[in-house]
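Architecture and fold: a report
Chain by chain, the residues run as shown.
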Amino acid sequence: MTAIVIPLDPAERAAQSVAPVLIEGRGVRKTYRTRDGDVETLKPLDFQIRAGEFVSVIGPSGCGKSTLMKMVAGLLPISGGELKLSGKVVNGPQTDIGIVFQSALLLPWRTVIDNILLQAEIRGLPKVAARERADQLMAMAGLQGFENKYPWQLSGGMQQRVAILRALLHDPPVLLMDEPFGALDAMTREKMNVELQRIWMAAGKTVLLITHSIPEAIFLSDRVFVMSERPGRFAAVYDIDLPRPRGLDVMGSAKFAGYAKTLRAHFFAQGNLDAH
Ligand SMILES: Nc1ncnc2c1ncn2[C@@H]1O[C@H](COP(=O)(O)OP(=O)(O)OP(=O)(O)O)[C@@H](O)[C@H]1O
Ligand SMILES: [Mg+2]
């Protein structure tokens, strides 16, 4: 498989730090109204994510990570503050994004290619061009030859790759991923992490990844946002200064261990993050 990997040199990294802000929150908060009363889920959040950045959000279960992602996607209204995507206020479902949910959510009666092309059908994109792009993406993700298989004929990791490709088909500048690898075994998960880094570097996306795994967050991210328990707020933000592309061996480095120790300290007493 030929990978189109364009490593970021220091000059490019510097350029990225002045890239335009793509996702911006100012005082974004969320309170769910329930029959039993109001549930304050997110304290006012302030954040900026720049074009081309890979940002992970980690935090304890129930702190509001999925809520935040759904609000960025425009699938859930905010309760206060302002949320902008590409400079425009988010006030309804966004079309310029790709979303990958926790489970692959593939349609079992559709083949791999038809699951990926669903994105084009929903959006009414030209068929021939969509098919060409799907073929390119499948080659990039090492899925050639599986076009006509059904999801149940694939491994869990391959199904997740199909779900990611479906989210990439319309070439969205922003990719939102909510625990996309949560259901995978540790080894497949690491392979998928490498795969995601490759896709991100080759396709130049801005990624917001929600994860329970500290190593996954460090391995993939430019920055890691750490959330507190509900009502969630950003307790800390860490720059991950490791050269790209990152190989799995970086996980054995002293610098990686240092980041992991720092991040783990936030959750030490809570025991609700993945062990791997
Ligand atoms: N539709 C809803 N109505 C009322 N409360 C909700 C609703 N959805 C979520 N909540 C509450 O908001 C909080 C945050 O939920 P959310 O799904 O965003 O958490 P999370 O950080 O993604 O958790 P996990 O890591 O377990 O996926 C939870 O305490 C949950 O009970
Ligand atoms: Mg969640």
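Summary of the structure given here. Being a predicted model, the structure only gives us computed values, none of them experimental.

The rules behind each value
- Residues numbered from 1 in each chain as written.
- Chains lettered and ligands numbered in written order.
- Predicted model: local features only at pLDDT ≥ 70, side-chain atom pairs only at ≥ 80, totals over all residues.
- Heavy atoms only, no water.
- Helix = DSSP H or I, 4+ residues; strand = E, 2+ residues; numbered from the N terminus.
- Rg over C-alpha atoms; globule rule 2.2 N^0.38 Å.
- Buried < 20%, exposed > 50% of the residue type's maximum accessible area, 1.4 Å probe, protein only.
- Contact = heavy atoms within 4.5 Å.
- Areas by Shrake-Rupley, 256 points an atom, 1.4 Å probe, with all protein chains shown as cover.
- Lys, Arg positive; Asp, Glu negative; His and termini not counted.
- Charge placed at Lys NZ, Arg CZ, Asp CG, Glu CD.
- Pairing = 2+ DSSP bridges.
- Axes fitted to C-alpha atoms, helices over the stretch in contact; angles between N-to-C directions.

Moving on, we get to the overall build of the protein chain. For the protein chain, the count of helices and strands is eight helices and ten strands. Computed over C-alpha atoms, the radius of gyration of the protein chain comes to 18 Å, within 12% of the 19 Å expected from 2.2 N^0.38 for 276 residues, which places it in the range of a compact globule. Considered along the principal axes of its C-alpha atoms, the protein chain spans approximately 45 × 45 × 35 Å. The buried share of the protein chain, reckoned over its 276 residues, is 49%. Considering only intrachain contacts with a sequence separation of at least 6, the fraction spanning at least 24 residues in the protein chain is 72%. As displayed, the protein chain offers around 12,900 Å² of accessible surface, 54% of which is attributable to carbon and sulfur atoms. Charge-centre separation for the protein chain: the mean point of 32 positive side chains lies 3 Å from the mean point of 28 negative side chains.

With that out of the way, let us pick up the pairing of strand 1 (residues 21–34). Each regular strand shows side chains that alternate between the opposite faces of the sheet. Strand direction decides the pairing type here: strand 1 and strand 2 (residues 37–50), joined by ten bridges, are antiparallel. Each bridged residue has a counterpart across the sheet, and for Arg-33 the counterpart in strand 2 is Asp-38. Hairpin connection of strand 1 to strand 2: two residues between the antiparallel strands. As paired elements, strand 1 and strand 4 (residues 80–85) share five bridges and run antiparallel to each other. When the bridges of strand 4 are listed, Glu-24 appears paired with Lys-84.

If you walk across this open sheet you meet the four strands as 2-1-4-5, and the pairing is antiparallel. At either margin of the open sheet sits one strand with a lone partner, and together these are strand 2 and strand 5 (88–89).

The next point concerns the sheet that holds strand 3 (residues 54–58). Hydrogen bonds between backbone groups are what pair the strands of a sheet, and the pairing can be parallel or antiparallel. Taken in spatial order, the six strands make up an open sheet running 6-7-8-3-9-10, and their pairing is mixed. Both edges of this open sheet fall to strand 6 (97–100) and strand 10 (234–239), since each of them pairs with a single strand only. With strand direction ignored, the average angle separating the axes of adjacent strands in the sheet is 15°.

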